[in-house]
Amino acid sequence: MADADEPTTPDSLTLLLVTAGRVLSRRLEDELAALDLTLRHYGALGHLSHRPDLSYSDLARRAGITTQSMHATVRALEERGAVRRSLPGHGHAARLEITDHGRELLAAVSEAAAGLDQQLLAHLTEEQRSGLRAGLLALAPPSTQRPGGR
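Residues numbered from 1 in each chain as written. Predicted model: local features only at pLDDT ≥ 70, side-chain atom pairs only at ≥ 80, totals over all residues. Heavy atoms only, no water.

K.L.:
Hey, could you run me through the overall build of the protein in this one?
P.N.:
The number of helices and strands found in the protein is 6 helices and 2 strands. Start at the N end of the protein and walk to the C end: the helices and strands fall as α-α-α-α-β-β-α-α. By residue count, 19% of the 150 residues in the protein fall in the buried class. The contacts of the protein with a sequence gap of at least 6 include a subset with a gap of at least 24, amounting to 45%. For the protein, the exposed surface amounts to about 10500 Å²; the carbon and sulfur share of it is 54%. (Helix = DSSP H or I, 4+ residues; strand = E, 2+ residues; numbered from the N terminus. Buried < 20%, exposed > 50% of the residue type's maximum accessible area, 1.4 Å probe, protein only. Contact = heavy atoms within 4.5 Å. Areas by Shrake-Rupley, 256 points an atom, 1.4 Å probe, with all protein chains shown as cover.)

Here you go:
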């Protein structure tokens, strides 16, 4: 019989993935906090590094937040010098561009994530790592593989 203080392991893969996701999110958020970033900042920087033509509304939709919240996120990134907004003229949407400092922040996040990957996957073989990656990509394909390329 299991000890009453011992956590139970859910039988559902969905529940295991949700639990693992929460644990990993907290660990990544801690790494990001050391860079004075949040997951929302990182998401906006990442999207803009690939698609500078995205509007505030596009960014907000991708992040699952309101356009007003994304304005605040981008404003914070502008204040940090990570994003530059160019105003092309009356009637045209602002263009958001990631700066060199923004690219440096993205590189620092990638380095932190690689460190977390090493910690998380240290006990797995290369074959197990590849299988895990393939399975996770099958469950949640990158946005570029969604219908319509978005």
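K.L.:
Whenever I open this one, helix α5 (residues 100-121) confuses me. Can you help?
P.N.:
Every α-helix winds through 3.6 residues per turn, so residues three or four apart in the chain are directed the same way. Look at α5: 31 Å from first C-alpha to last across 22 residues, which is about the 32 Å you get at 1.5 Å a residue. Within α5, burial applies to G102, L105, L106, V109, A112, L116 and L121. Buried residues of α5, viewed axially, fall in a sector of 155°; they line one side. Opposite its buried face, α5 presents the exposed residues D100, E104 and E111, each directed more than 90 degrees away. (Expected span 1.5 Å × (residues − 1). Arc of directions from axis to C-beta.)

K.L.:
Just checking my understanding: could you explain the nonpolar core for this structure?
P.N.:
The nonpolar side chains of soluble globular proteins are, as a tendency, buried together. Membership of the largest hydrophobic core comes to 20 residues, with the highest contact counts inside it found for L45, L59, M70, V74, L77, V83 and L96. Those elements that provide at least two residues to this core are α2 (39-50), α3 (56-63), α4 (67-79), β2 (95-98) and α5. The contacts of M70, once residues within four sequence positions are left out, are A44, Y56, L59, A60, A63 and I65. (Core = buried A, V, L, I, M, F, W, Y, C linked by side-chain atoms within 4.5 Å.)

K.L.:
Hey, could you run me through the environment of H101 in this one?
P.N.:
Examined against the element boundaries, H101 turns out to sit in helix α5. By relative accessible area, which is 29% here, H101 ends up partly exposed. Remark: the alpha-carbon pair of H101 and A82, spanning 19 residues in sequence, is separated by 5.1 Å. H101 has contacts with R80, G81 and A82, leaving out every residue within four places of it along the chain.

K.L.:
Looking at this structure, I do not really get the confidence of the model for the protein. What am I missing?
P.N.:
Low-pLDDT stretches of the model should not have their predicted coordinates read in fine detail. Chain-level pLDDT for the protein is 87 on average; 87% of the residues reach the 70-or-more range. Predicted confidence is poor over residues 144-150, with pLDDT under 50, and the contacts of this stretch with residues over four places away or in other chains come to 7 contacts. (pLDDT = per-residue confidence, 0-100.)

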